[in-house]
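Spelled out, the chains give:
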Amino acid sequence: MNAKWTLVVVVLALAFAGSTTHGEEDTPKPINREALTKDVASARQKGLDWLSKNQNADGSWGNNYTVGITSMSCLAFLSASDEPFEGHRGRTLVRGLLFLLNNQKNGMFQTQGKGVSTWSHNQGFATAALAEAFGRCRVCKVQPDLDTDALRDVTEKAATLIVENQAPTGGWGYRPGSQSDEGSTTVCAVQALVSAGNYGIEIDSNTIEKGFEYLKKCQNVDGSFHYIQGDGMSMKGGTAAGVATLALMRKFDFQVMINSYNFLLKFSPAAMSAPHTPWFFPYYGHYYGCMGMRLIGQEFQGDKKFDEDTSRYIAETQRDFVGWQQDDGSWPNKGWVLNQETGETV
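Residues numbered from 1 in each chain as written. Predicted model: local features only at pLDDT ≥ 70, side-chain atom pairs only at ≥ 80, totals over all residues. Heavy atoms only, no water.

Chemist: It is not clear to me how helix H8 (residues 205-217) should be interpreted in this structure. Could you clarify?
Modeler: A rise of 1.5 Å per residue sets the reference length of H8, with its 13 residues, at 18 Å; its end C-alpha atoms lie 18 Å apart and thus fit the reference within 8%. Where H8 is concerned, the buried positions are Thr207, Ile208, Gly211, Phe212, Tyr214, Leu215 and Lys216. At its buried positions, H8 is contacted by helix H6 (148-164), helix H7 (183-198), strand S3 (225-226), helix H9 (236-246) and helix H10 (254-273). Put simply, Asp204 is the residue that caps the front of H8, since its side-chain oxygen is 3.0 Å from the backbone nitrogen of Asn206. (Helix = DSSP H or I, 4+ residues; strand = E, 2+ residues; numbered from the N terminus. Expected span 1.5 Å × (residues − 1). Buried < 20%, exposed > 50% of the residue type's maximum accessible area, 1.4 Å probe, protein only. Contact = heavy atoms within 4.5 Å. Polar contact = N/O pair within 3.5 Å; in protein donor to acceptor, adjacent residues only side chain to side chain.)

See the structure below:
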């Protein structure tokens, strides 16, 4: 995972939430919430400054996975302000969005990378970024120097391609037309379609429901999730992604969500931060973990136990992120690396 990809995931995780790493068996120390809130705000600003300074000349971020990394970078800027198109950061965001618009053809984003074929990740992240940008254009006072009609058109075409490439199981594979499927690609696809639908783009509801059903069928008895339906492999970060995605269901599935929610609480942010398997993705797990806990907290707002548990989970994650940040505003590589030469992962 290169520095750019790592950093945008952390900035987004801090956004969903509104110290040094501790081990799985450690008891987390009490958190000074007031001080942590200030530290988180400072960390986000430093991270966004780093991204602004390290944007490529063509508006992208990253090396081999520029579409996915640029999409996540744009989402980080969109999450950072009520007026994301304002000032220097707004211009940085617009350059990133223009890169995405210029690197698709009829809504199709390219497959990138030397290792795993990552079309579904690129397509999902890019569709979500453009959908969120289009949605913000409708409510922001400061408007970007973008053709919003073209932005909507590309988002609609990109979402349509996701729908057309759903596998018979209800999941999504790595490549267009794939008949196979897996959890992380399905998460990207479903979240992108929900985002597009939120901003007036017509999406076949059956496609989204089939995606939800696929993810639900991936759940183990203990509440965790398989990597691929039926493979028997428990993915900790993948469980967080499942929670964050299933929490978007129109009809909240209580049993599925509570089982996975309880699994994450028991597993804990400390364990997500600590190396536990060769397939170790702490930033991925924390990003989706914070998203899921925020959505669950909103669903059960006013329930004291849910309020306390979700806020504690998020605060413990924030404490790790703040402690890991480097002096230049970036975050260090942590976890499994797909390509040791490039330092980038899927």
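Next, the rest of the story.
Chemist: Any chance you could explain the packing of aromatic side chains here in plain terms?
Modeler: A ring pair, where both rings are aromatic, is described by two values, the distance of the centres and the angle of the planes. As enumerated under the stated definition, the model contains twelve aromatic pairs in all. For the pair Tyr284 and Tyr288, a centre-to-centre distance of 5.0 Å together with 70° between the ring planes defines the contact as edge-to-face. Of this pair, Tyr284 and Tyr288 both sit in helix H11 (residues 282-299), four residues apart, which is roughly one turn of the helix. Take Tyr284: its relative accessible area is 24%, and that puts it in the partly exposed class. A relative accessible area of 2% places Tyr288 in the buried class. Aromatic pair Tyr287 and Tyr288: ring centres 4.6 Å apart, planes at 55°, arrangement tilted. Counting every residue linked through ring pairs, the aromatic cluster contains Phe252, Phe254, Tyr261, Phe300 and Phe306. (Phe/Tyr/Trp six-rings, centres within 6.5 Å; stacked < 30°, edge-to-face > 60°.)

Chemist: Got a minute to help me understand the environment of Ala270 in this structure?
Modeler: Relative to the helices and strands, Ala270 resides in helix H10. Assessed through its relative accessible area of 2%, Ala270 is described here as buried. It is 7.6 Å that separates the C-alpha atoms of Ala270 and Glu316, two residues lying 46 residues apart in sequence.

Chemist: Explanation requested: the pattern of salt bridges in the structure shown.
Modeler: Where charged atoms from two side chains of opposite charge come close, those side chains can pair. Tallied over the entire structure, the rule returns eight salt bridges. Across the pair Arg312 and Glu316 runs a salt bridge whose closest N-O atoms are separated by 3.9 Å. Residue Arg312 and its partner Glu316 are both found in helix H12 (residues 304-324); the two are separated by four residues, about one turn of the helix. By relative accessible area, which is 36% here, Arg312 ends up partly exposed. One salt-bridge network, in which partners are shared between bridges, spans Lys305, Asp309, Arg312 and Glu316. (Salt bridge = Lys/Arg side-chain N within 4 Å of Asp/Glu carboxyl O.)

Chemist: Help me understand the environment of Ser260, please; the structure alone is not making it clear to me.
Modeler: By the element assignment, Ser260 lies in helix H10. On a C-alpha basis, the gap between Ser260 and Gly242 in space is 8.2 Å, while along the polypeptide they are 18 residues apart. Setting aside chain neighbours within four positions, we find Ser260 in contact with Gln219, Gly223, Phe225, Thr239 and Val243.

Chemist: Would you mind showing me how to read the packing of H10 against H11 here?
Modeler: Between two packed helices, the angle of one axis relative to the other and the distance separating the axes together describe the packing. Axis separation between H10 and H11 bottoms out at 11 Å; the angle between their running directions is 135°. What the angle tells us is that H10 and H11 run oblique. For H10 against H11, the interelement crossing comes out left-handed. Here Met257, Tyr261, Leu264, Leu265, Pro269, Met272 and Ser273 of H10 come into contact with H11, specifically with Pro282, Gly285, His286, Met293 and Ile296. (Axes fitted to C-alpha atoms, helices over the stretch in contact; angles between N-to-C directions. Parallel < 35°, antiparallel > 145°, perpendicular 65-115°, else oblique. Left-handed = near helix turned anticlockwise from the far one by under 90°.)

Chemist: Before we go on, may I ask you to explain the environment of Phe85 in this structure?
Modeler: Take Phe85: it is sitting in the loop between helix H3 (66-79) and helix H4 (87-102). Residue Phe85 is classed as buried on the basis of its relative accessible area, which comes to 5%. Sequence-wise, Phe85 and Cys137 are 52 residues apart; in three dimensions their C-alpha atoms are separated by 8.7 Å. Those residues in contact with Phe85 that lie beyond four places of it in its chain are Leu78, Gly90, Leu93, Val94, Leu97, Ala133, Arg136, Cys137, Cys140, Val142, Gln143 and Pro144.

Chemist: Looking at this model, I keep getting lost on unusual backbone geometry. Mind explaining?
Modeler: Even without being a glycine, Asn106 presents a positive backbone phi close to 55°. You can see Asn106 is positioned in the loop between strand S1 (104-105) and strand S2 (108-109). For Asn106, a relative accessible area of 54% gives the class exposed. Non-glycine residue Ser268 carries a positive phi angle of around 85°. Along the chain, Ser268 turns up in helix H10. Judged by its relative accessible area of 14%, Ser268 falls in the buried class.

Chemist: Is there a simple way to explain the packing of H7 against H9 in this structure?
Modeler: At a closest axis distance of 10 Å, the pairing of H7 and H9 adopts a crossing angle of 20°. Taken together, the axes of H7 and H9 are roughly parallel relative to one another. Between H7 and H9 the crossing geometry is left-handed. Of the residues in H9, those in contact with Val187, Val190 and Gln191 of H7 are Ala241, Gly242, Ala244 and Thr245. Split into classes, the residues belonging to the contact of H7 with H9 amount to four nonpolar, three polar and no charged. (Nonpolar A, V, L, I, M, F, W, Y, C, P; charged D, E, K, R; others polar.)

Chemist: It is not clear to me how the confidence of the model for the chain should be interpreted in this structure. Could you clarify?
Modeler: When pLDDT is low, close inspection of the predicted coordinates is not appropriate. Overall, the prediction assigns the chain a mean pLDDT of 87, with 85% of residues at 70 or greater. Taking the mean pLDDT of every element in the chain, the minimum, 63, falls on helix H1 (residues 3-17) and the maximum, 98, on H4. For the stretch residues 19-26, pLDDT sits under 50, and the model shows 20 contacts to residues farther than four places along the chain or on other chains. A low-confidence stretch, residues 338-346 stays under pLDDT 50, and its non-local contacts, those more than four residues away or across chains, total 29 contacts. (pLDDT = per-residue confidence, 0-100.)

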